[in-house]
Amino acid sequence: MKQEVVAVSPATARASPATGAGMVGARLGRLRWSICALLFFATTINYIDRQVLGILSKDLQAALHWNEFDYGNIVAAFNAAYALGLLVVGRLIDRFGTRIGYAAALIVWSLAAMSHALARSAFGFGVARAALGVGESGNFPAAIKTTAEWFPKKERAFATGIFNAGSNVGAIVAPLTVPWIAINWGWQWAFILTGAIGLLWLAFWIPLYARPEAHPRLSKAELAHIQSDPPDQAGARVPWLKLIPHRETSAFAIGKYMTDPIWWFYLYWIPNFLRQNHGLDLSTIGLPLIVIYLIADVGSIGGGWLSSTLIKRGWSINAARKTTMLACALAVTPIIFAANVKSLWVAVGLVGLAAAAHQGWSANIFTMASDMFPRRAVGSVVGIGGMAGAFNGATMAVIVGYILEVTHSNYRIPFLIAGSAYLIALLIIHLLVPKIEPVDYADAVAARPFSIGTIVGFGFMGSIFGSFAGWCTGLLSRVSGSGLLKYMALGAMIGVVTGIISGIVITSSGGKARA
């Protein structure tokens, strides 16, 4: 295997003994890429487990007598639990580290995935999906934090693209295996066997992983490369109440809020779309799904590669990330025609292109968090953004279920939403953060109660929790369809007002953040 070489200028060698003459020409090593491979396999397992339901949904709906409302709420249960998990898991990973946090997450989500085999009703599946959501919420905060620890900024988008490609590989492996298992052994075994894979991953993670500074196999040259960025300012973990008023936090969270639900839509409804609109069944659905996620893999790695390459060629981080995200947002837009095409493979191509663009977008928006925030806050920021995306994924699931039920499974409106979300999200990101640059906590000023950061940040958080409260209230009141959506809309409006008032009170009493 070809080894990388550290090239150090004489000036740099004189300035820094750690990267000086003794390091010139030293073989850099690739241990960090082995760590990235572990993240890739964990993400692969994560997506195998969550996609089983989407592949089997049409058969389970027929066997257990679900309608589109029921299925939407089952999907929403996963997303809501995933979001609530992110409220806690990001902070826990920042506190206890990725080695322990990742292992605990794998155990929880593997057991939850296997527990689907015990469900016999829509409610039972909802409970199992909620447990799965809690466990799986640990994957991306842990993976992003690990990437921030093990890679310099110029390599992070590429590394993120590689491990994020595991989501597509998982989405490929699932249709290769799940239909065969379900046809030959029954749907229960499809959940049991795929869920058990995660426990095998622990046998590699626990003995192989350590922080770079403590890893016995890491060379001094590679450690110096990993730590080549200017060091983060020392300090304690940043409280959420100081993160929320930052415009950078809102930009990341709103970007995730608007685009994550589109990926959930592909994951849970594209199998049904292809089966209904193009006459596929459980035995023939595999190949089209495999093609879609193979195309998506190209986007995941390509999106990370593009922005990293632009940075290496002298582009600013701001220009490289936003240019790549604009290209991805434009590539999504043809999905609006997917419901109208008659050819199966044209539909597959449109969905595949949109999925690839989403993954390229995802690699860059994830990396934005580590571009802007210090390592000690990255897990929390990613947790906030992931929570926002997952909560809106629950909202999107209810909306899609309602639309498909009342339109007799017409997918035009869901695809229109998917095609427009990214351009709107990028516009909002740019308005909130005209220039991507590190947040300097040492020089932060007290957050102003009526600043854009405070109003947008707390209002946005309030809308998320208000919508979730409305969904829970509607379920407890046994309403569905448009009634449930009205509860959610009312909850969101109340949440916005409550959030803004709370933010004004909190920031008036102190705390530091960029307005």
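Basis of the calculations
- Residues numbered from 1 in each chain as written.
- Predicted model: local features only at pLDDT ≥ 70, side-chain atom pairs only at ≥ 80, totals over all residues.
- Heavy atoms only, no water.
- Helix = DSSP H or I, 4+ residues; strand = E, 2+ residues; numbered from the N terminus.
- Rg over C-alpha atoms; globule rule 2.2 N^0.38 Å.
- Contact = heavy atoms within 4.5 Å.
- Areas by Shrake-Rupley, 256 points an atom, 1.4 Å probe, with all protein chains shown as cover.
- Patch = residues over 30% accessible without salt bridge, like charges linked within 9 Å, V, L, I, M, F, W, Y side chains within 5 Å.
- Salt bridge = Lys/Arg side-chain N within 4 Å of Asp/Glu carboxyl O.
- Buried < 20%, exposed > 50% of the residue type's maximum accessible area, 1.4 Å probe, protein only.
- 1 Å grid on protein atoms, 1.4 Å probe; cavity = no way out; pocket = protein on both sides within 12 Å on 5 of 7 lines; lining within 4 Å.
- Points joined across faces, edges and corners; volume = space filled by probe spheres on them.
- Nonpolar A, V, L, I, M, F, W, Y, C, P; charged D, E, K, R; others polar.
- Polar contact = N/O pair within 3.5 Å; in protein donor to acceptor, adjacent residues only side chain to side chain.
- Core = buried A, V, L, I, M, F, W, Y, C linked by side-chain atoms within 4.5 Å.

### Let's talk about the overall build of the chain
Working step 1: Per the secondary structure count, the chain includes 19 helices and zero strands.
Working step 2: On C-alpha atoms alone, the chain measures out to a radius of gyration of 23 Å, which is about the 24 Å that the 2.2 N^0.38 rule sets for 515 residues.
Working step 3: Its C-alpha atoms give the chain principal-axis dimensions of about 70 × 55 × 40 Å.
Working step 4: Taking all contacts inside the chain whose residues are at least 6 apart in sequence as the whole, residues at least 24 apart take part in 85%.
Working step 5: By element, 68% of the accessible surface of the chain is carried by carbon and sulfur atoms, the whole surface being about 19900 Å².

### Thoughts on a nonpolar patch on the surface
Working step 1: A cluster of nonpolar residues, Val 88, Leu 92, Phe 96 and Ile 100, forms a patch on the protein surface that exposes about 380 Å² of accessible area.
Working step 2: Within the fold, Phe 96 resides in helix H3 (residues 68–96).
Working step 3: Phe 96 sits in the partly exposed class, given a relative accessible area of 48%.

### Some words on the layout of surface pockets
Here the idea is plain: a probe the size of a water molecule rolls over the atoms and shows the empty space left.
Working step 1: What the largest pocket holds in volume is close to 580 Å³.
Working step 2: For the largest pocket, the lining is made up of 21 residues, of which Asn 73, Ala 122, Phe 123, Trp 471 and Leu 475 are closest to its centre.
Working step 3: Broken down by secondary-structure element, the contributors of at least two residues to the lining of the largest pocket are H3, helix H5 (122–136) and helix H18 (452–476).
Working step 4: Take the lining of the largest pocket: its biggest share by element is eight residues, from H3.
Working step 5: Residues that form the lining of the largest pocket fall into these classes: 15 nonpolar, four polar and two charged.

### Side note on the side chain of Asn 139
Working step 1: Among the secondary structure elements, Asn 139 is positioned in helix H6 (residues 139–150).
Working step 2: Classification of Asn 139 as buried rests on a relative accessible area of 0%.
Working step 3: Side-chain polar atoms of Asn 139 contact the side chain of Tyr 102, separated by 2.8 Å.
Working step 4: When sequence neighbours within four positions are dropped, the list of residues in contact with Asn 139 reads Ala 42, Thr 43, Asn 46, Tyr 102 and Trp 109.

### Quick notes on the environment of Gln 61
Working step 1: Structurally, Gln 61 can be placed in helix H2 (residues 31–64).
Working step 2: Exposure remark for Gln 61: the relative accessible area of 11% places this residue in the buried category.
Working step 3: For the pair Gln 61 and Ala 122, spaced 61 residues apart in the sequence, the C-alpha separation amounts to 8.9 Å.
Working step 4: When residues no more than four places from it in sequence are discounted, the contact partners of Gln 61 are Trp 66, Asn 67, Glu 68, Tyr 71 and Asn 272.

### Quick look at the nonpolar core
Working step 1: Residues Leu 56, Tyr 266, Trp 269, Leu 274, Tyr 293 and Trp 361 are the most contacted members of the largest nonpolar core, which totals 143 residues.
Working step 2: Broken down by element, this core gets its largest block of residues, 16 residues, from helix H12 (residues 247–278).
Working step 3: Every residue in contact with Trp 361, bar those within four places of it in the chain, is listed here: Gly 255, Thr 259, Met 325, Cys 328, Ala 329, Tyr 422, Ala 425, Leu 426 and Ile 429.

### Digging into the pattern of salt bridges
Working step 1: Taken as a whole and assessed by the stated rule, the structure comprises eight salt bridges.
Working step 2: With its nearest N and O atoms 3.0 Å apart, the salt bridge here joins Arg 32 to Glu 155. Of the two residues, Arg 32 sits in helix H2 while Glu 155 sits in helix H7 (residues 153–164), which places them 123 residues apart along the sequence. Grouping residues by exposure puts Arg 32 and Glu 155 together as buried.
Working step 3: Linked through salt bridges whose partners overlap, the residues forming this network are Arg 32, Glu 155 and Glu 222.

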